[in-house]
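# Notes for the structure review
Here is what each chain is made of, one letter per residue.
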Amino acid sequence: MVGKKIILAVTGSIAAYKAAHLVRLLVKNGAAVQVLMTPAATEFITPLTLSTLSKRPVFTQVIAEHEWNSHVELGLWADALVIAPATANSLAKLANGLCDSIVSAVYLSARCPVFFAPAMDLDMWKHPATQANVQRLKGYGNHFLPVGYGELASGLVGEGRMAEPEEIVAFLADFFQEKQDFQGKNVLVTAGPTYEAIDPVRFIGNRSSGKMGVAIAEQFAERGANVMLLLGPSKLSAKHPNIQTVRVESAQQLYEAAMQHFEKADISVLSAAVADYRPAVVAEQKIKKKGDNMTIELEKTPDIAASLGKMKRPGQFIVGFALETNDELQNASEKLAKKNFDFIVLNSLQDAGAGFNFDTNKITILHRDNKRKDFELKTKAEVARDIVDEVAGTVSSSEFRVSS
Ligand code: PMT
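Just so we're clear, the structure is a prediction, and the values are computed from it rather than from any experiment. (Residues numbered from 1 in each chain as written. Predicted model: local features only at pLDDT ≥ 70, side-chain atom pairs only at ≥ 80, totals over all residues. Heavy atoms only, no water.)

## Brief notes about the environment of Arg56
- Locating Arg56 in the fold gives a position in the loop between α2 (47-54) and β3 (63-64).
- On a C-alpha basis, the gap between Arg56 and Ala32 in space is 9.1 Å, while along the polypeptide they are 24 residues apart. (Helix = DSSP H or I, 4+ residues; strand = E, 2+ residues; numbered from the N terminus.)

Dropping the structure here:
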């Protein structure tokens, strides 16, 4: 934790009293701690206590005494944002992008990993609305500390206690330790759909949101890699400072960007849903409606994965994807061999919650030696971690080493 810059955001729960001990432990472990509090949190513990322990002023508002506490600067400064305790109300607000306090403004501006330590009564924690908010926040790539079981402030016994400060510090220390295993590696990730123009107003596209690929880019970046993300037309953007994003629209543009950046890449993960065909001719003007039928002639797009597979040098590692609707294992293993991938990640539209646009995915990883791993349905952030773990496990046993 030495030298790490941590923002601790305290929201209004009785567990806020534990924030004092948490600040103390973080500082003792060498971290610089900036505390933010919601107005409700200041009812439970005073800013004076936390500013004395953190040796910094505590911010409770975006604008205080005519001074603007820049949420953007704070969001860029931190190596980690820890929201502890995180109340049901703050989870609901942050899951829905509300921005009504210094905590929510910094959360929305933060580019660093975010950790939630929820605290609430057992029925509030179990409520489907709270659980849906947790799933949504996990889907955005945030990390959750498990809630504890025991006697709650209400006197009821059950799940909902905030993780102990020692557990939070250990969780963060593990996270920062893990971050190092791709230090110095260059990773290329393709993500999102492609749009193939028919005329100036229409295109052939697909339903990819970019969530899976952006989660993979974020996971590599969190673990120290320099990531080049080639992102098709997606509403998403990557937040981590180790990620450089190149926006593309068509398969041809993605091909050209991949050709440019592949040379430098130690590891490439090809999760983009690339059009296999595009209109042979793009009309310069909007095509007018005529007759009952129309035909558009299509031509093949470049197969980016197959081209990279042919160019691959010893020491370069390529992970491909296969999105299937039928004969999944057979199709995926054919793509693995044909495109010269090191392993392939299969997802099937037959599995509920898997594939396009969901916040979740269910994958199978197939290796060239026929080794196969099936995974449960998980959030895309968790799936990204499984894929990156698999890369780490595979490359560290081959000629090319991932640092530990
Ligand atoms: O973006 P999300 O909404 O989160 O959805 C994620 C996803 C479903 C798009 C993702 O998990 C996924 O499956 N991506 C690959 C989709 C796909 O196009 O699969 P494919 O089986 O058609 O292609 C096989 C492989 O070849 C892929 O690695 C693909 O990137 C690559 N390819 C395909 C065609 C082409 N012309 N060039 C390519 O590089």
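Here the narrative resumes, following the displayed structure.
## Focus: the site of the ligand
- In the vicinity of the ligand there are 29 residues, among which Ser208, Ser209, Lys335, Asn347 and Asn357 approach most closely.
- For the ligand, an oxygen atom lies 2.8 Å from a polar atom in the backbone of Ala305.
- At 2.6 Å, a side-chain N or O of Asn347 approaches an oxygen atom of the ligand.
- Contact with the protein chains covers 95% of the free accessible surface of the ligand, which is 770 Å².
- For the shell around the ligand, the elements supplying multiple residues, two or more each, are α9 (211-222), α11 (304-311) and β18 (317-324). (Near = heavy atom within 4 Å. Polar contact = N/O pair within 3.5 Å; in protein donor to acceptor, adjacent residues only side chain to side chain. Areas by Shrake-Rupley, 256 points an atom, 1.4 Å probe, with all protein chains shown as cover.)

## Examining helix α4 (residues 88-95)
- Here α4 has its buried residues at Ala88, Ser90, Leu91, Leu94 and Ala95. Projection of α4 onto a plane perpendicular to its axis shows the buried side chains occupying an angular sector of 165 degrees, all on one side.
- Looking one or two residues beyond α4, the residue adopting positive phi is Gly97, at roughly 75 degrees. (Buried < 20%, exposed > 50% of the residue type's maximum accessible area, 1.4 Å probe, protein only. Arc of directions from axis to C-beta.)

## Observations concerning a nonpolar patch on the surface
- Nonpolar side chains collect at one region of the surface, where Tyr277, Met294, Ile296 and Leu298 lie side by side and expose about 380 Å² of accessible area between them.
- A residue is classified by how much of its surface remains accessible, and Leu298, at 39% relative accessible area, is partly exposed. (Patch = residues over 30% accessible without salt bridge, like charges linked within 9 Å, V, L, I, M, F, W, Y side chains within 5 Å. Salt bridge = Lys/Arg side-chain N within 4 Å of Asp/Glu carboxyl O.)

## A word on the pairing of strand β5 (residues 80-86)
- Most of β5 is tucked away: seven of the seven residues are buried.
- With four bridges connecting them, strand β1 (residues 5-10) and β5 associate as parallel partners. Across the sheet, the residue bridging to Ala9 is Ile83, located in β5.
- Two elements, β5 and strand β6 (residues 114-118), share four bridges in a ladder whose sense is parallel. Bridging from a neighbouring strand, Ala86 pairs with Pro118 of β6. (Pairing = 2+ DSSP bridges.)

## Re the domain arrangement of the chain
- Split by domain assignment, the chain resolves into domain 1 (5-178) and domain 2 (186-394).
- On a C-alpha basis, the centres of domain 1 and domain 2 stand 35 Å from each other.
- The interface is formed by ten residues belonging to domain 1 together with ten residues belonging to domain 2.
- Between domain 1 and domain 2 the total buried area reaches about 1000 Å² when both faces are included, carbon and sulfur atoms providing 47% of it.
- Between the two partners, domain 1 and domain 2, sit zero salt bridges.
- Viewed at the interface, domain 2 and domain 1 are joined by zero residue pairs in polar contact (both at pLDDT 80 or more). (Domains from an automatic or database assignment. Contact = heavy atoms within 4.5 Å. Buried area = accessible area lost by both parts, 1.4 Å probe.)

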